[in-house]
Amino acid sequence: LPIFTGLRIGLSTAKGLAQSLNIPLVTVSTLDVLAAASVRPGFVTAPLLDAKQRHIYVAFYAGHHRDDDVQPLSGYLALKPEQVAVQAKELTGGNRLAVCGDGATLCREYFDLEGLAVLELPSWYNLPRASILGRLAARRLAAGQVQDVAAAQPLYVRRAAAELAREARRAEEAEGNASTP
């Protein structure tokens, strides 16, 4: 399944369970889960997910210990690999960066061009761990960070290619209709 469809199905399932069982709904981003597993003292952490079409899903984090007090330094972003490197240099001040995820290899040459000291974590850090997801969700629940079940929506950092193509077609059609006398 494409990621957008899978995300909608997963959230719909969670919403249905939360509503039918009358339990709270807590959401956690995959980027948050990957970052919590990857934090290294003295490093800015950046999970990098290949979003296809030369884009990377990324967020930057600071923290002192794995899964402990991971603090976002940026929002969730969809950037081209060269933009990831520029953003990383700005946020790290040229200091150390720890990266994980399947998008790391796509950014490697740009990190080098920016002169960044990058710790590329082993491949087992590329997949979110259920144990960390559970701990992050439990913390959010304890802090009262729950979602309104009816209003909860998937978080899309970037719109699907099909949506962008449909929008472009409609714009062309509207432009064509506007120029027709």
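First things first, this report covers the structure right here in the doc. (Residues numbered from 1 in each chain as written. Predicted model: local features only at pLDDT ≥ 70, side-chain atom pairs only at ≥ 80, totals over all residues. Heavy atoms only, no water.)

1. Topic: the packing of aromatic side chains
Stated precisely, the cut-off is as follows: A pair of Phe, Tyr and Trp rings is counted when the ring centres sit within 6.5 Å of each other, with Trp represented by its six-membered ring. The angle between the planes then sorts it: under 30 degrees is stacked, over 60 is edge-to-face, the rest tilted. Per-residue accessibility, obtained with a 1.4 Å probe over protein chains only, is compared with the maximum for each type, and a residue is labelled buried under 20%, exposed over 50%, and partly exposed between these values.
A complete count under the given rule lists one aromatic pair for this structure. Geometrically, the ring pair formed by Trp 124 and Tyr 125 is tilted, given 6.0 Å between the ring centres and 35° between the ring planes. A relative accessible area of 57% places Trp 124 in the exposed class.

2. What to know about helix H4 (residues 104-114)
Quick note on the threshold: Elements are defined by DSSP. Helices are runs of H or I of four residues or more, strands are runs of E of two residues or more, and each kind is numbered from the N terminus. Here the arc refers to the directions that run from the helix axis out to each C-beta atom. Here, two residues are considered to be in contact whenever any of their heavy atoms come within 4.5 Å of each other.
Turning to H4, its buried residues number three or more, namely Ala 104, Cys 107, Tyr 110 and Phe 111. Looking straight down H4, one finds that the buried residues subtend no more than 120° of arc, so they occupy a single side. Pointing more than 90 degrees away from the buried face of H4 are the exposed residues Asp 112 and Leu 113. Where H4 is buried, its residues meet strand E1 (44-52), strand E2 (55-58), helix H3 (81-92), strand E6 (96-100) and strand E7 (117-120). Gly 115 lies just past H4 and shows a positive phi near 70°.

3. A closer look at the side chain of Ser 74
Going by this rule: Polar contacts, as counted here, are pairs of nitrogen or oxygen atoms within 3.5 Å of one another; within protein the pair requires one atom able to donate a hydrogen and one able to accept it, and residues that are adjacent in sequence qualify only if both atoms are side-chain atoms.
Mapped onto the elements, Ser 74 comes out in the loop between strand E4 (71-72) and strand E5 (77-79). Overall, the relative accessible area of 18% leaves Ser 74 in the buried class. A distance of 3.0 Å separates the side chain of Ser 74 from the backbone nitrogen of Phe 60, its partner in a polar contact. Residues within four places of Ser 74 in sequence aside, it is in contact with Ala 59, Phe 60 and Leu 91.

4. Overview of the pairing of E2
Short version of the rule: Following DSSP output, two strands are said to pair if at least two bridges run between them.
Residue alternation in E2 divides its side chains into two sets, His 55 and Tyr 57 and Ile 56 and Val 58, and both sets are buried. Sheet analysis places E1 next to E2, joined by four bridges and oriented antiparallel. For Asp 50, the partnering residue across the bridge sits in E2 and is Ile 56. Taken together, E1 and the strand that follows it, E2, pair antiparallel across an intervening segment of two residues, in which Gln 53 is found at a positive phi of about 50°. Of the strand pairs in this sheet, E2 and E5 are connected by three bridges, and their pairing is antiparallel. Each residue of the ladder has a partner; that of Ile 56, found in E5, is Leu 79.

5. Considerations on the packing of H3 against H4
Note the threshold: Only the contacting stretch of a helix is used when fitting its axis, a line to C-alpha atoms as for every element, and angles between N-to-C directions run 0 to 180 degrees. Each angle receives one of four descriptions, namely roughly parallel if under 35 degrees, roughly antiparallel if over 145, roughly perpendicular if within 65 to 115, and oblique otherwise. Crossing handedness follows the turn of the near helix against the far one: under a right angle anticlockwise gives a left-handed crossing, and clockwise gives a right-handed one. The classification used treats Ala, Val, Leu, Ile, Met, Phe, Trp, Tyr, Cys and Pro as nonpolar, Asp, Glu, Lys and Arg as charged, and all other residues, Gly among them, as polar.
As a packed pair, H3 and H4 sit with axes 8 Å apart at the nearest point and diverge in direction by 45°. Between H3 and H4, the angle is such that the two are oblique. Note that H3 runs across H4; the crossing there is right-handed. Listed contacts from H4 to Pro 81, Glu 82, Val 84, Ala 85, Val 86, Ala 88 and Lys 89 of H3 are Leu 106, Cys 107, Tyr 110, Phe 111 and Glu 114. Grouping the constituent residues of the contact of H3 with H4 by class yields nine nonpolar, no polar and three charged.

On their own, these measurements won't tell you what the molecule is for.
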